[in-house]
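# Structure at a glance
One letter stands for each residue in the lines below.
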Amino acid sequence: MVTGPVQQPSLVVRPRAGHPAEPDPAEPPPVGLAGEPSSVGLPGEPRPAGLAGDVHALGRAVAATGPRWRDEVLLRLRPVGQGFAEHVRVTEGPAGLYRELLTQSPRLHHGVRLLTREHAAIVAAILAVQRSAEQPETHPDEVRHWAGHLLRRLARHRRRGANLLWEAYQTDLGGET
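Model, not experiment: these values are computed from the prediction.

Here the focus is the overall build of the protein. On a plain count of helices and strands, the protein comes out with five helices and two strands. When the helices and strands of the protein are placed in sequence order, the string is β-β-α-α-α-α-α. Considering the protein as a whole, with its 177 residues, one finds that 30% of them fall into the buried category. The contacts of the protein with a sequence gap of at least 6 include a subset with a gap of at least 24, amounting to 69%.

This is the structure:
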């Protein structure tokens, strides 16, 4: 029997606002700042929701090229920063997930402490990308370097958090037959 919180799906169908499920072949696809389609996939196609979707959009913006590339990176970075701030509030707050985990499973103290320390490092990485993208004299490769560093940190943090939740709620400590 599985106990603990219900795990939310990481992919949801989010149709683009004002667009039918099937695109009109007579209409060209909408174009974003960097010359790329403005959505992350086709209408009706599953795509990441929330912070995961924002991180995916940032990765696409960083990989793109175009005259307004920096503006697009900064535009996509903003929701990542806001979403991550909300993540920190939900996990570290007084009634946050980490407090609940430690109440139910004190053995996870080291993992919770590690994730909490990662929060500060990720916030610093977000600020580094922002600072470098805001400076027009900064070479795009340097911005991409900092953005890649941020994206790797976020992916690692997500994996560690998922592993910690698995350990907290899914590990069978024995005793039942």
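The discussion continues.
Checked against the element boundaries, Arg99 lands in helix 3 (residues 97-104). With residues up to four places along the chain from it excluded, the contact list for Arg99 reads Thr91, Gly93 and Pro94.

Applying the stated criterion across every chain yields a total of five salt bridges. Notably, a salt bridge pairs Arg68 with Asp71, separated by 3.2 Å at the nearest N-O pair. Here Arg68 falls in the partly exposed class, since its relative accessible area comes to 43%. In this structure, Glu86 engages Arg89 in a salt bridge whose closest nitrogen and oxygen atoms are separated by 2.5 Å. In this pair, Glu86 and Arg89 are both assigned in helix 2 (residues 69-92), three residues apart and thus about one turn of the helix distant.

A few words now on helix 2. Compared with the 34 Å implied by 1.5 Å per residue over 24 residues, the 34 Å span of helix 2 between its first and last C-alpha is a close match. Listed in full, the buried residues belonging to helix 2 are Trp69, Arg70, Glu72, Val73, Leu74, Leu77, Val80, Phe84, Val88 and Thr91. Contact partners of the buried residues in helix 2: helix 1 (50-63), helix 3, helix 4 (109-134) and helix 5 (140-169).

Here Thr91 shows up in helix 2. On the basis of relative accessibility, which here comes to 5%, the residue Thr91 falls in the buried class. There is a polar contact of 3.3 Å between the side chain of Thr91 and the backbone oxygen of Val88. Residues within four places of Thr91 in sequence aside, it is in contact with Gly96, Leu97, Tyr98, Arg99 and His119.

The subject of this paragraph is helix 4. Helix length check: helix 4 (26 residues) gives 38 Å between terminal C-alpha atoms against 38 Å at 1.5 Å per residue, within 8%. Three or more residues of helix 4 are buried, namely Gly111, Val112, Leu115, Glu118, His119, Ile122, Ala125, Ile126, Ala128, Val129, Ser132 and Ala133. On its buried face, helix 4 is in contact with helix 2, helix 3 and helix 5.

A few words on the nonpolar core. One finds Leu58, Val73, Ile126, Leu150 and Leu154 to be the most contacted residues of the largest nonpolar core, which totals 20 residues. In terms of residue count, the dominant contributor to this core is helix 2 (seven residues). Here Val73 is in contact with Leu58, Ala61, Val62, Val129 and Ala133, once residues within four sequence places are set aside. With eight residues, the next largest nonpolar core counts Tyr98, Val112, Ala168 and Tyr169 among its residues.

This brings us to the environment of Arg144. Mapping Arg144 onto the fold places it in helix 5. It is 6.2 Å that separates the C-alpha atoms of Arg144 and Val62, two residues lying 82 residues apart in sequence. Residues in contact with Arg144, not counting those within four places in the same chain, are Val62, Ala63, Ala64, Thr65 and Trp69.

The rules behind the values
- Residues numbered from 1 in each chain as written.
- Predicted model: local features only at pLDDT ≥ 70, side-chain atom pairs only at ≥ 80, totals over all residues.
- Heavy atoms only, no water.
- Helix = DSSP H or I, 4+ residues; strand = E, 2+ residues; numbered from the N terminus.
- Buried < 20%, exposed > 50% of the residue type's maximum accessible area, 1.4 Å probe, protein only.
- Contact = heavy atoms within 4.5 Å.
- Salt bridge = Lys/Arg side-chain N within 4 Å of Asp/Glu carboxyl O.
- Expected span 1.5 Å × (residues − 1).
- Polar contact = N/O pair within 3.5 Å; in protein donor to acceptor, adjacent residues only side chain to side chain.
- Core = buried A, V, L, I, M, F, W, Y, C linked by side-chain atoms within 4.5 Å.

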